[in-house]
Amino acid sequence: MGENTKKVFAVIGDDARQLAAADYLRAQGFEALGAEDVYKADYVLLPMPMSADRAGFARLLRAAKPGALAFGGKVSAQAKAAADAAHIGLEDYLEREELAQLNAIPTAEGCIALILQNRRRTIWRSPVLVLGYGRCAQSVARRLAALDAQVTVAARKHGQQAMAMSHGLVAVPLGELLAVLPGFDVVVNTIPAPVLGERELAAMPGGSLVVDLASLPGGTDFEAARELGVNAIHALSLPARCAPVTAGEFVARAVLAMLQERGEVF
């Protein structure tokens, strides 16, 4: 691949996603080494979340080649400041739109797996309520509909409601949530704000299932759910948990796109 063979990555971490990212980079003609060889690397691929207090981060920065460029996911302000102080560029690959779009695929598949594992009914003909209609919710809702679930979307924005309707789904305003919840024993939440509190959870049928895909702290009152007998699962990091090889390839592709845009890889 021409100049690509001269470029070296250090891929930090030994989980399946990082290993898959390293394999993908090698397949593209790069050398992908481990943390012990970070001093040789032009680029450093860090795991996620990337915070300054992550074990070994400061030591890693000290060992990196001066002028190296690092990439991490969910980069904290403290981690960015530490990298700046070490004169190491640090970019966040999770800010990439294509990665967010692609990660929604294994997230949706993992969500569907959790629904199947935690119920005694088919998805077919089951009423399912999806809260929000961003990238992740769209991926989940459309796949559930393809399995013949009866999907309703509750969204705050009129544009999201219209989009859900254009995708052949039923849409209701989020403000009507309390009124519609009694009709659903499966709810998928993607809204990173409190939406399923004690009142809302109490309105659901007994033994209901909530799969909360929102980032910490989620949108569900999990303590209230336990008290009310609602099975509420906070399903974080589903791409890495359910499809680490695919997730690692997605990360590596996003990083290469970032480098191409900087003119560093041709």
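All values reported here derive from a predicted model rather than from experimental measurement.

Reading the values: rules and limits
The numbering scheme is per chain: residues are counted from 1 as the chain's sequence reads. Per-residue local features of the predicted model are confined to residues with pLDDT of at least 70, and side-chain atom pairs are confined, for both listing and counting, to 80 or more; whole-chain, interface and lining totals are unaffected and use all residues. Side-chain metrics in this entry use all non-hydrogen atoms of the structure; hydrogen atoms and water are not considered. Secondary structure elements are defined from DSSP: runs of H or I of at least 4 residues count as helices, runs of E of at least 2 residues count as strands, and each element is numbered from the N terminus. Classification of residues uses two cut-offs on accessible area relative to the type maximum, computed with a 1.4 Å probe and protein chains only: under 20% is buried, over 50% is exposed, and between them is partly exposed. It only takes one pair of heavy atoms within 4.5 Å for two residues to be counted as in contact. The Shrake-Rupley method, run with a 1.4 Å probe, gives the accessible areas here. Residue values count only the displayed protein chains as cover. Under this rule, positive means Lys or Arg and negative means Asp or Glu; His and the chain ends count for nothing. Taken as the charge centre is NZ of Lys, CZ of Arg, CG of Asp or CD of Glu, depending on the residue. Side-chain rings of Phe, Tyr and Trp (the six-membered ring for Trp) are treated as a pair once their centres are within 6.5 Å; stacked means planes under 30 degrees apart, edge-to-face means over 60, and tilted covers the remaining angles. Either the NZ atom of lysine or the CZ atom of arginine qualifies as a charge over a ring when it sits within 6 Å of the ring centre and within 35 degrees of the ring normal. Two cysteine sulfur atoms form a disulfide, by the criterion used here, when they sit within 2.5 Å. Here the expected span of a helix is defined as 1.5 Å times the quantity of residues minus one. Here the nonpolar core consists of buried residues drawn from Ala, Val, Leu, Ile, Met, Phe, Trp, Tyr and Cys, with membership extended through side-chain atoms lying within 4.5 Å. Should a side-chain nitrogen of Lys or Arg be within 4 Å of a carboxyl oxygen of Asp or Glu, the pair is scored as a salt bridge. Strands pair, by our definition, only if DSSP identifies at least two bridges between them. Comment: axis = line fitted to C-alpha atoms, over the contacting stretch for helices; angle = value between 0 and 180 degrees taken between N-to-C directions.

Enquirer: What should I look at first to understand the overall build of the chain in this one?
Expert: For the chain, the count of helices and strands is 11 helices and 11 strands. By its C-alpha atoms, the chain is 60 × 35 × 35 Å across when sized along the principal axes. For the chain, with 266 residues in total, the buried portion stands at 48%. Taking all contacts inside the chain whose residues are at least 6 apart in sequence as the whole, residues at least 24 apart take part in 57%. Only carbon and sulfur atoms are counted for the fraction: they give 52% of the accessible area of the chain, which is about 12,800 Å². Computing the positive centroid from 26 side-chain charges and the negative centroid from 28, the chain places the two 2 Å apart.

Enquirer: Sorry if this is basic, but what is going on with the packing of aromatic side chains here?
Expert: Two measures describe an aromatic ring pair: the distance that separates the ring centres and the angle between the ring planes. Applying the stated criterion to the full structure yields 2 aromatic pairs. On the basis of an interplanar angle of 90° and a centroid distance of 5.3 Å, the ring pair of Phe9 and Phe30 is categorised as edge-to-face. Placement of the pair is Phe9 in strand 1 (residues 8-11) and Phe30 in the loop between helix 1 (16-27) and strand 2 (31-33), with a sequence separation of 21 residues. According to the relative accessible area criterion, Phe9 is buried, its value standing at 0%. Owing to a relative accessible area of 5%, Phe30 belongs among the buried residues under this scheme. Ring geometry for Phe9 against Tyr43: centres 5.1 Å apart, planes inclined by 50°, an arrangement best described as tilted. Of the two residues, Phe9 is situated in strand 1 and Tyr43 in strand 3 (residues 43-45); the sequence distance between them amounts to 34 residues. Accessibility classification places Phe9 together with Tyr43 in one group, the buried group. An aromatic cluster is defined as three or more aromatic residues linked by ring pairs; in this entry it consists of Phe9, Phe30 and Tyr43. Seen from the ring of Trp124, Arg125 lies directly overhead, with NZ or CZ sitting 5.2 Å from the centre.

Enquirer: Before we go on, may I ask you to explain the state of the cysteines in this structure?
Expert: Simply put, the disulfide is a covalent bond whose two ends are the sulfur atoms of two cysteines. Under the criterion given, the structure shown has 0 disulfides. Cysteine Cys136 remains unbridged, with the sulfur of Cys111 as its closest cysteine sulfur at 7.3 Å.

Enquirer: Would you explain helix 5 (residues 135-146) in this entry?
Expert: The α-helix winds at 3.6 residues per turn, so residues separated by three or four positions along the chain end up facing the same way. The end-to-end C-alpha distance of helix 5 is 17 Å, a good match for the 16 Å that 12 residues give at a rise of 1.5 Å each. All buried positions along helix 5 are accounted for by Ala137, Ser139, Val140, Ala141 and Leu144. Looking at the buried residues of helix 5, the elements they touch are helix 4 (97-117), strand 6 (127-131), strand 7 (150-155) and strand 9 (186-189).

Enquirer: For this particular structure, what's the right way to read the nonpolar core?
Expert: One broad trend across soluble globular proteins is that nonpolar side chains are buried collectively. Formed by 27 residues in total, the largest nonpolar core has its most connected members in Ile115, Val130, Leu144 and Val153. Elements with a contribution of two residues or more to this core: helix 4, strand 6, helix 5, strand 7, strand 9 and strand 10 (209-212). Ranked by residue count, the leading element in this core is helix 4, at 5 residues. In contact with Val153, not counting residues within four places along its chain, are Val130, Gly132, Tyr133, Ala141, Ala164, Leu169, Val170, Ala171 and Val172. Met48, Phe71, Tyr93 and Met258 belong to the second-largest nonpolar core, a separate cluster that totals 22 residues.

Enquirer: I tried to follow the pattern of salt bridges on my own but got confused; where do I start?
Expert: Side chains that carry opposite charge are capable of pairing whenever their charged atoms lie near each other. The full count for this structure, using the stated rule, is 10 salt bridges. Glu91 is the salt-bridge partner of Arg262, the closest N and O atoms lying 3.7 Å from each other. Of this pair, Arg262 sits in the segment after helix 11 (244-261) while Glu91 sits in strand 5 (residues 89-92), and the two are 171 residues apart along the sequence. Judged by relative accessible area, which is 44%, Arg262 ranks as partly exposed.

Enquirer: Help me understand the sheet that holds strand 8 (residues 170-173), please; the structure alone is not making it clear to me.
Expert: Backbone hydrogen bonds are what pair the strands of a sheet, in a parallel or an antiparallel way. Across the sheet, 6 strands lie side by side as 8-7-6-9-10-11; this open sheet has parallel pairing. Whereas interior strands pair on both sides, the edge strands pair on one side only; in this sheet they are strand 8 and strand 11 (231-234). Across the sheet, the mean angle from the axis of one strand to that of its neighbour is 20°, orientation sign disregarded. Across 3 bridges, the pairing between strand 6 and strand 9 is parallel. Across the sheet, the residue bridging to Leu131 is Asn189, located in strand 9. Of the strands in this sheet, strand 9, strand 10 and strand 11 are in contact with helix 4, which crosses strand 10 at around 160°.

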